[in-house]
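Close look at the chain arrangement
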Amino acid sequence: MADLQATLDSIYTDILPRVGEGKVADYIPELAKVDPRQFGMVIVTVDGKVYRIGDADIAFSIQSISKVFMLTLALGKVGEGLWKRVGREPSGSAFNSIVQLEHESGIPRNPFINAGAIAVTDVVMAGHAPREAIGELLRFVRYLADDESITIDDKVARSETQTGYRNVALANFMRAYRNLDHPVDHVLGVYFHQCALSMSCEQLARAGLFLAARGSNPMTGHSVVSPKRARRINALMLTCGHYDGSGDFAYHVGLPGKSGVGGGIFAVAPGVASIAVWSPGLNKVGNSQLGAVALEMLAARTGWSVF
Ligand code: DON
């Protein structure tokens, strides 16, 4: 493989003068405190090599990237039956939009917008108390990354519990349409904790490696999902992973990816590598500004693309 460390170093040189660009999420007060002048990036290849630059070891709030892990758990539990509860189409609306729920019978467009992720969380909760569902997700992510040190940041979860008014509205709306089986406060309790998972770029790239490697993690030998399911999760990330910025991300980067308002982006070069990048400043649609720029540089300099 081309010299990936040299490629990452060249990206770092080009990004460093711009570090601090974008605006940190402030609708979750705890995230507003994060210093925007940080940038890290890690590539883990399917042959088990790790390449890193910048703040690769600093744990950050993965927020919506957690939706990929919850989706994987939900598909494991109910398989294709999941699609009775949530769609598979890009929304063209903001990640926290409520507008389609009313005229689409409380069925969210896809599992990555907030409404869709809340429905997915409700599916994973079946047969569990909220605390157990949170524990199941944490164990799953630790298993995927082969790293027991991954934690949930309770302060971030509490902060969002106090201010997540839009999510409360989305969940109530879906419950009114009978698309939530559990009490709204229980589902949101789990959802806010999943979003508060705290991981470094390296932990995230390792945890998602199975999606680059036909469903199995070549570093741990764990078989996580079938090759077909890995392809399908990647397809959903490509079409819906950046909300109303998904088309733009596909155009500029050309890889499946999932963003979070903590400034992280997880991306997959199928058959080649998983990539995690983090820079807290966001663009107008709520995706990491420099994270997307760095991934565009990586795709251009390596030729990685699903097209
Ligand atoms: O529910 C929320 O609004 C946040 N916990 C997660 C949103 C998010 O990360 C959107 N990503 N770009």
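Residues numbered from 1 in each chain as written. Predicted model: local features only at pLDDT ≥ 70, side-chain atom pairs only at ≥ 80, totals over all residues. Heavy atoms only, no water.

1. Concerning the environment of Ala213
Within the secondary structure, Ala213 is located in the loop between helix 11 (209-212) and helix 12 (227-240). For Ala213, a relative accessible area of 17% corresponds to the buried category. Along the backbone, Ala213 and Ala250 are 37 residues apart, and their C-alpha atoms lie at a distance of 20 Å. If sequence neighbours within four positions are ignored, Ala213 has contacts with Val46 and Pro218. (Helix = DSSP H or I, 4+ residues; strand = E, 2+ residues; numbered from the N terminus. Buried < 20%, exposed > 50% of the residue type's maximum accessible area, 1.4 Å probe, protein only. Contact = heavy atoms within 4.5 Å.)

2. Some thoughts on the packing of helix 5 (residues 114-124) against helix 8 (residues 165-176)
The geometry of helix 5 relative to helix 8 is characterised by a closest axis approach of 10 Å and an angle of 60° between their N-to-C directions. For the element pair helix 5 / helix 8, the angle class is oblique. The element helix 5 and its partner helix 8 pack so that their crossing is right-handed. Only Asn167, Leu170, Ala171 and Met174 of helix 8 make contact with helix 5, whose side of the interface consists of Asn114, Ala115, Ile118 and Ala119. (Axes fitted to C-alpha atoms, helices over the stretch in contact; angles between N-to-C directions. Parallel < 35°, antiparallel > 145°, perpendicular 65-115°, else oblique. Left-handed = near helix turned anticlockwise from the far one by under 90°.)

3. Things to note about the side chain of Ser259
For Ser259, the position within the fold is in strand 6 (residues 257-259). A polar atom in the side chain of Ser259 sits 2.6 Å from the side chain of Asn287. Other than its neighbours up to four places away in sequence, Ser259 contacts Ser64, Ile65, Gly241, His242, Tyr243, Gly264, Ile265 and Asn287. (Polar contact = N/O pair within 3.5 Å; in protein donor to acceptor, adjacent residues only side chain to side chain.)

So, to be careful, I would describe these as geometric facts and stop short of saying anything about function.
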